[in-house]
Structure formats: C-alpha cells, structure tokens
Amino acid sequence: MQKTEQFIIELLIIVLSTLSIGACAQLSIDLGELSPVPITAQSLAVLLIAHLIGWRKGILSVLLYIVAGGLGAPIFSNAASGWHVIMGNSFGYLLGFLISVLLVGKMANRNPSRFGFYLLHIFLGHLIILAAGAVGLLRNLSLLDALQYGVLPFLAGGLIKTFIAAVILSLYRRFRQLMRSGKAESPN
C-alpha cells in the first residue's frame, strides 16, 4: 500500500473514531441535581478506541473531538459546542479522556488479549476519567462535593460500560481469529 493510501486510511480511522465519541456523547442522561455533568457513553467509545486503534491515534481522535466541539461542531453531550463547554464542568473529564487513552492504549499493547485484562484496562480507564473529572470540578466545588457529584453518580455506569467494552473487545478478538483462520483455510 502506498504512503498516501495509508495516510488516508489512518486519517479516516481518526475521524471515524472522533465521530463515534460525538455519537456516544448524544447518548446522555441528565442527572439534574445529582451531578453537573450528564452520564454519557463517551467513556465507552474513548476506551474502546484506545484498545482498537492504539494510544497515538486515540489521542489524536480525542484531541480532534475536543477541538471540533470547541470550534462549534455540536458533538458534545446534548449537541452542545463551544469553548465554554470545554472550560466548564466537563474540563476534567475531557482531560481524563486524553490521559486514559494514553495509559489504556499502552496497557493494551503490553498485555494479552483476554477478557480479564480487558476488564482491568477499561475499569482503570474509567477510574482515570472520573478522577480527572473530580479534579476539574475542584475549581467550583469542595473535594467532598467533587467526589459526591463528579464520581459517585458515575461508578455504576462505569462498571456497566466496563463490562460492555470487555464483551465487545472479546467478540472483536474472536471475530479476527475466525477471519484469520478462514483466510488460512481458503483454497486461493
């Protein structure tokens, strides 16, 4: 494959990953007084991206998501956009996306592709995102309130998304194994 073709393919992967984060941001549940930030499926997308395309392209995807939303693309939760969204209550979570993509992507390269490792990686990624989100909320809240409103409401959803991601990654791994064995057996 030529370098230009490879570049275009990698660029498309990054753009599609960015769009998947934006699409998952629209799957949101407003928590009202329980939290200033809604529950979304963004972390599911971000952590799957870290596993599937690696930390380098994953970071580019998250950065593109943040910049595009900051410049006006309605890809943040509830179709919001603008720098005020980035600098608001979501700031820490967005920073957490970047940190988690880096760490989870690196862990994915070093550990076997097994369900238990998927659970561990994705769970740690969620904890990183929640911790960064709580730190971001410290600009306006006390530590106790940041934990109460920025972490606790998201723990159960994080566990559910962790399990969903581990299942998706396991199915993807199995599908790839089947495709490889099918190619090896084909008479071509």
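Residues numbered from 1 in each chain as written. Predicted model: local features only at pLDDT ≥ 70, side-chain atom pairs only at ≥ 80, totals over all residues. Heavy atoms only, no water.

Draft legend 1. Quick peek at the environment of Leu-144. Structurally, Leu-144 is set in helix H6 (residues 143-150). Overall, the relative accessible area of 63% leaves Leu-144 in the exposed class. Separated by ten residues in the primary sequence, Leu-144 and Ala-134 place their C-alpha atoms 9.5 Å from one another. (Helix = DSSP H or I, 4+ residues; strand = E, 2+ residues; numbered from the N terminus. Buried < 20%, exposed > 50% of the residue type's maximum accessible area, 1.4 Å probe, protein only.)

Draft legend 2. Structural view of the packing of helix H1 (residues 3-25) against helix H2 (residues 42-70). It is the contact of H1 with H2, at a shortest axis distance of 9 Å, that shows an interaxial angle of 125°. Classified by the angle their axes make, H1 and H2 are oblique. The chirality of how H1 crosses H2 is left-handed. For the pair H1 and H2, the contacting residues are Glu-10, Ile-13, Ile-14, Val-15, Ser-17, Thr-18, Ser-20, Ile-21, Gly-22, Cys-24 and Ala-25 in the first and Gln-42, Ala-45, Val-46, Ile-49, Ile-53, Lys-57, Leu-60, Ser-61, Val-62, Leu-64 and Tyr-65 in the second. Here the contact of H1 with H2 is composed, by residue class, of 14 nonpolar, six polar and two charged. (Axes fitted to C-alpha atoms, helices over the stretch in contact; angles between N-to-C directions. Parallel < 35°, antiparallel > 145°, perpendicular 65-115°, else oblique. Left-handed = near helix turned anticlockwise from the far one by under 90°. Contact = heavy atoms within 4.5 Å. Nonpolar A, V, L, I, M, F, W, Y, C, P; charged D, E, K, R; others polar.)

Draft legend 3. Quick peek at the packing of aromatic side chains. For the structure shown, the criterion picks out three aromatic pairs. Where Tyr-65 meets Phe-76, the ring centres are 5.2 Å apart and the plane angle is 85°; that geometry is what we call edge-to-face. With Tyr-65 in helix H2 and Phe-76 in the loop between H2 and helix H3 (83-86), this pair connects stretches of sequence that are eleven residues apart. What makes Phe-76 buried here is its relative accessible area of 3%. Here the aromatic rings of Phe-115 and Phe-163 are separated by 6.0 Å at their centres, their planes lie at 80°, and the arrangement is edge-to-face. Taken together, the residues span a long stretch of sequence, with Phe-115 in helix H5 (residues 115-137) and Phe-163 in helix H7 (residues 152-185) at a distance of 48 residues. On the accessibility criterion, Phe-115 (31% relative accessible area) is partly exposed. (Phe/Tyr/Trp six-rings, centres within 6.5 Å; stacked < 30°, edge-to-face > 60°.)

Nothing here speaks to function; it is all geometry.
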